[in-house]
Amino acid sequence: MEYSHRYHAYPTQEVAEGLEHHLNVHRQLYNHVRWDYTNSPEDDKPSEYDQNNKLPEWKRTWPVFAETHSKAAQATVARFHHNLTVLSELKEKGYNVGRLKRQAPTDYRSVTYNQSGFDLDEKRGHDKDAYVWFSKIGWMKIRYSRPIPDHASIKEATFKKETTGEWFITFSLETEDEHVPEKPAVESLTASNSVGIDLGILNYVHTSDGKTVDWIDLDDEYDRLRHEQRKLSRKEHGSNNYEKQRQEVAKARRHIRRKVLDYQHKITTWLVKTYDAVFVEDLNVKEMLEQSHNARNKQDAAWRQFITLLEYKAALYGTHVVQVEARGTTKECASCGVETAKPIWVREHSCPSCGFETDRDANAAMNVLQRGFAERGLGWPESTPVETVAATDTDRFESVSASHVIETGSLPS
Ligand SMILES: [Zn+2]
């Protein structure tokens, strides 16, 4: 099976500059691949293979592209074609998607090396720490929180710069047998490889590291359901037509359920592949006085399904999933712990005691993370997410679109 391990990386300033430079060159290459594809005639679009064959010529014409490692350049071409496939799959499923955009520096955050151009030394130098090497960039120390198992081989290595400015390395691993990966040691969990999530009302998921995942748009599906239900109400009860129409209503319901399940599969896969530990609120005691009874029951069922899926995936990928006490996660300040009542319409958390300000759901997600750590006897996360969020004041919340989740569900980028 295939899975991945993600590590916090600590490059020196010189190496970080190299990473930045290569990130930028690969972004330009990606945009060039896109340009070449877009400007090819409709009936003669280049395949991934065609564009790989153009790489040597591009490297001669634009020497900056010659700075890339050949396997990494091919991985960038592959990323574009993978995105094309994802896009057309989404279109087929009825999502309203546009075209692939040019990548701005803020969008393009990672570079992947396929099979070569990277190395891992588990005990390097005087300090015997783990280091990762990238071709033409150099060695950097990583927090080797989770050893790579002997039976696994490294297929790809990806370096990524998060919006917080932190660097991460992800190894895509493959095992020949159906080995289930072991969960990382509890002591290795940190604020950067763990996440607290708030199952929100406005956003489906809000993470403690500032990501929001929007809920899918089901307006059309619900319109159709109401339409079929109205038709049913006009049929004579017990007639053949009534029976037929009853099946149409059931079909419309089934369609919604499937779309929700499909989406939950994607979000949960993304979570267990990205993090070593995922903390969620224990729904049995979740306070939901804020919602009407009916809305609450509906949401309850969807969340229960979500957590069941999350636990199932966690076992497959070797990720911790822990449910934590949910009482007061919204009221409590993630920075100082003082409780302040907050009506539903107040979307900001602004602490009267310590002055900490953030989004309401982000504050709840940070509390979930901290409770998870306390419950595991780990104390406070070494760098609290509170600091991370405060450090990036503008554009604090990266909105993760449905298509991004679907992409990352299969690609470590
Ligand atoms: Zn406070």
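Up top is the structure these notes are about.
First, a word on what this report is: a plain description of the structure on this page. Note that the coordinates shown come from a computational prediction; the quantities given were computed from them, not determined experimentally. (Residues numbered from 1 in each chain as written. Predicted model: local features only at pLDDT ≥ 70, side-chain atom pairs only at ≥ 80, totals over all residues. Heavy atoms only, no water.)

**Considering the packing of helix H4 (residues 219–233) against helix H5 (residues 240–274)**
Direction vectors running N to C along H4 and H5 enclose 165°, while the axes themselves pass 9 Å from each other. As judged from the angle between their axes, H4 and H5 are roughly antiparallel. Crossing of H4 against H5: the hand is left-handed. Contacts from Glu221, Tyr222, Arg224, Leu225, Glu228, Gln229, Lys231 and Leu232 in H4 reach Tyr242, Gln245, Arg246, Glu248, Val249, Lys251, Ala252, Arg253, His255, Ile256 and Lys259 in H5. Here the contact of H4 with H5 is composed, by residue class, of seven nonpolar, three polar and nine charged. (Axes fitted to C-alpha atoms, helices over the stretch in contact; angles between N-to-C directions. Helix = DSSP H or I, 4+ residues; strand = E, 2+ residues; numbered from the N terminus. Parallel < 35°, antiparallel > 145°, perpendicular 65-115°, else oblique. Left-handed = near helix turned anticlockwise from the far one by under 90°. Contact = heavy atoms within 4.5 Å. Nonpolar A, V, L, I, M, F, W, Y, C, P; charged D, E, K, R; others polar.)

**Notes on the environment of glycine 138**
In this fold, glycine 138 is placed in strand S5 (residues 138–142). The buried category is assigned to glycine 138, whose relative accessible area is 17%. Taking the C-alpha atoms as reference points, glycine 138 and leucine 19, separated by 119 residues in sequence, lie 9.1 Å from one another. Non-local contacts of glycine 138, meaning those with residues more than four positions away in its chain, are made with Val132 and Trp133. (Buried < 20%, exposed > 50% of the residue type's maximum accessible area, 1.4 Å probe, protein only.)

**Some thoughts on the sheet that holds strand S6 (residues 152–161)**
Taken in spatial order, the seven strands make up an open sheet running S2-S6-S7-S1-S5-S4-S3, and their pairing is antiparallel. What marks the edges here is a single partner per strand, and that holds for strand S2 (110–114) and strand S3 (118–124). The average angle at which neighbouring strand axes cross in this sheet is 35°, direction not considered. Taken together, the four bridges between strand S4 (residues 129–134) and S5 define a ladder with antiparallel strand orientation. Bridge pairing in S5 links tyrosine 131 to lysine 141. (Pairing = 2+ DSSP bridges.)

**Quick notes on unusual backbone geometry**
Positive phi, normally seen in glycine, also occurs at glutamine 115, with a value near 70°. Residue classification places glutamine 115 among the exposed residues on the basis of a relative accessible area of 52%.

**Some remarks on the side chain of threonine 268**
The residue threonine 268 is located in helix H5 in this model. On the accessibility criterion, threonine 268 (0% relative accessible area) is buried. At 3.1 Å, the side chain of threonine 268 and the side chain of lysine 313 are in polar contact. Ignoring sequence-local partners within four residues, the contact set of threonine 268 consists of Phe306, Leu309, Leu310 and Lys313. (Polar contact = N/O pair within 3.5 Å; in protein donor to acceptor, adjacent residues only side chain to side chain.)

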